Amino acid sequence: MADYKWVNTTLGLLFDDGIASVQTGPFGSQLHSYDYVEQGVRVVSTEAIGFRRLKVEMMPQISSVMADRLKRHRLHTGDILFARRGAQATGLSALVESEHEGFICSTGALRLRIHRPDRVDPSFLSFLLVEESSRLWLKAHAVGAVMPNLNEDVIRGLPISLPSHEEQRAIAQMLGALDDKIELNRRMNQTLEALARAMFKSWFVDFDPVVAKAAGKKPVGMSAQTAALFPDCFQDSTLGPIPKGWLVARVGDEFRLTMGQSPPGGTYNEEGNGAPFFQGRTDFTFRFPARRVYCTAPTRFADPQDTLVSVRAPVGDINMAIERCAVGRGVAGVRHKSGSRSFTYYAMGAFADAFATFDGDGTLFGSIGKTDFEGIQYVSPPDELICRFNTTARPLDDRIEQNERQSAWLASLRDALLPQLMSGELRVKQAEKLVAQAV
């Protein structure tokens, strides 16, 4: 037990004492899809609220004129946003950091603002709110069985325990070091993947090396050995001009495709019994899906390093299997006949336009079946070029996998320390050695 004083209270008592306040998003000025613009002020939607972090890439944008109309909902550094509705989102909350200053709180969120940071440290509170007991409490008290909702009354009732302000800051700084390293890995991985995607597009979509050689120039940023693998002219095809000697192929001719199949619902569990099971893109993350559901009677599998493709709305989202896993009817496992992990992954990403046609075909819920998937046409390069791309991209993908594995380990360490620190069972100094070793 802790040998220093903790105060048991509720968020509502903090509101009553003027230490904090809560505000719901703009009900009277609910935003619609036609309000969104390509460049403007970002709006924090329910989907953008992750585990203590905001997902900027998931945020729509509105004009500055619209943002001025909603200025009372602008966010400040240190605000905390709760996802207000949805079975998956309820219980999630995220801290507003300096780069989010001025963003708009949407209808799907509740904003908690600390007015006395000398009493309650916003970063500490953000960790307290994502601790499992807090998230479970919010889920249990959400209103509505079909579509759970949080409101101000529910938020007010959340019980919390607060140590001294000094201890709050020490805990937040230590846990923050883990989160910062996870975030650094995430950003590094985005950069690494962007490099690999750009290389794939240059070689196999825009045919930049062929264009350069056809103009009598040397391909930029490419060794002579690699450049020699590209032709110096184009030929006509059913898909338009393509590099000479390359082929128009179907996915089914060049890729091994395993369409998922869903076993009976009674074979699923969240206790870790059986094989990791992915039914759809719900569990997709940046690169590798997150374990959540397991299956004791799986029927279809994806192998490690297979590309996982969402085949039900939204069609075409991709991840990669980091282990042998079971796939349900919302997911397909794909691998090029060469076995190339990298070529497969970036090729599936390049099929985005083809996949999008199955999301917008007039059906209520978009989907793509095996016949249509295998029938997608694309420009197939020679095997030696696929091998060269795999060799070139592999170090980038290896580093991404290393970073993702490290982040998963850091997250498990954080999650193990979090309840002990938040209950006072573990002192900061006792945990510092573990964190120092981790980062």
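Residues numbered from 1 in each chain as written. Predicted model: local features only at pLDDT ≥ 70, side-chain atom pairs only at ≥ 80, totals over all residues. Heavy atoms only, no water.

Comments concerning the pattern of salt bridges
Inclusion rule: Whenever Lys or Arg places a side-chain nitrogen within 4 Å of a carboxyl oxygen from Asp or Glu, that contact is recorded as a salt bridge. For helices the rule is a DSSP run of H or I covering at least 4 residues; for strands it is a run of E covering at least 2, with both sets numbered from the N terminus onward. Working definition: with a 1.4 Å probe on protein chains only, accessible area under 20% of the residue-type maximum means buried, over 50% means exposed, and in between means partly exposed.
Under the counting rule described, the total for this entry stands at 28 salt bridges. Its salt-bridge partner being R335, residue D306 comes within 3.1 Å of it at the nearest N-O pair. Taken as a pair, D306 in the loop between β17 (301-302) and β18 (307-310) and R335 in strand β21 (residues 331-336) lie far apart in primary sequence, 29 residues in all. Of the two residues, D306 and R335, neither departs from the other in class, the shared state being buried.

A short note on the sheet that holds strand β4 (residues 61-62)
The criterion, for reference: Two strands form a pair only when DSSP identifies at least two bridges running between them.
The mixed open sheet is built from three strands, whose spatial order is β4-β3-β7. In this open sheet, the two edge strands, each paired with only one partner strand, are β4 and β7 (104-105). Note: strand β3 (residues 36-44) against β4, three bridges, orientation antiparallel. In the sheet register, V41 faces β4, and the bridge partner there is I62.

Some points on the pairing of strand β8 (residues 109-114)
Buried residues dominate β8, accounting for six of its six residues. Bridging between strand β2 (residues 20-24) and β8 involves five bridges; their strand directions are antiparallel. Paired with A20 across the two strands is I114, which belongs to β8. As paired strands, strand β5 (residues 80-83) and β8 are joined by four bridges and run antiparallel to one another. Pairing of L81 across the sheet is with R111, part of β8.

Quick look at the packing of helix α3 (residues 122-130) against helix α6 (residues 165-204)
Each pair of packed helices can be described by the angle between their axes along with the distance between the axes. The cut-off we apply is this: Whenever a helix is involved, its axis is fitted only over the stretch in contact; in every case the axis is a line through C-alpha atoms, and angles between N-to-C directions fall within 0 to 180 degrees. The labels follow the angle: roughly parallel below 35 degrees, roughly antiparallel above 145, roughly perpendicular from 65 to 115, and oblique for the rest. Left-handed is the label given to a crossing in which the near helix is rotated counterclockwise from the far helix by less than a right angle, and right-handed is the label when the rotation is clockwise. Note on contacts: a residue pair qualifies if any of its non-hydrogen atoms lie within 4.5 Å across the two residues. Throughout, the ten residues Ala, Val, Leu, Ile, Met, Phe, Trp, Tyr, Cys and Pro are labelled nonpolar, Asp, Glu, Lys and Arg are labelled charged, and all others, Gly among them, are labelled polar.
Look at α3 against α6: their axes get within 8 Å of each other, and the N-to-C directions meet at 65°. The angle between α3 and α6 falls in the class roughly perpendicular. For the pair α3 and α6, the crossing hand works out as left-handed. Contact residues: α3 offers S123, F124 and F127, while α6 offers Q168, I171, A172, L175, G176 and D179. Residues belonging to the contact of α3 with α6 are distributed by class as follows: five nonpolar, three polar and one charged.

Looking at the pairing of strand β13 (residues 255-259)
The element β13 is extensively covered by neighbouring structure, given that four of its five residues are classed as buried. The pairing of β13 with β21 spans five bridges and is antiparallel. When the bridges of β21 are listed, F255 appears paired with H336.

Let's talk about the layout of surface pockets
Formally: Here the term cavity refers to a set of points on a 1 Å grid, laid over the protein atoms alone, in which a 1.4 Å probe fits but cannot get out; the term pocket refers to an open set having protein on both sides within 12 Å along at least five of seven lines, with lining residues being those that place an atom within 4 Å of a point. Grid points are joined across faces, edges and corners, and a volume is the space filled by probe spheres set on the points.
Space inside the second largest pocket adds up to approximately 350 Å³. Around the second largest pocket, the lining comprises 18 residues; the ones closest to its centre are F204, V205, A350, Y378 and V379. Counting residues per element, the ones that place at least two in the lining of the second largest pocket are α6, α10 (341-350), α11 (352-359) and β22 (377-380). Classifying every residue of the lining of the second largest pocket by side-chain character gives 16 nonpolar, one polar and one charged.

A closer look at the sheet that holds strand β15 (residues 275-278)
Strand order in the open sheet formed by five strands is β14-β16-β15-β20-β17, with mixed pairing between adjacent strands. Edge strands, defined here as strands with exactly one partner in the open sheet, are β14 (268-269) and β17. Bridging between β15 and strand β16 (residues 293-295) involves three bridges; their strand directions are antiparallel. Within β16, the residue paired with F277 across the bridge is V293.

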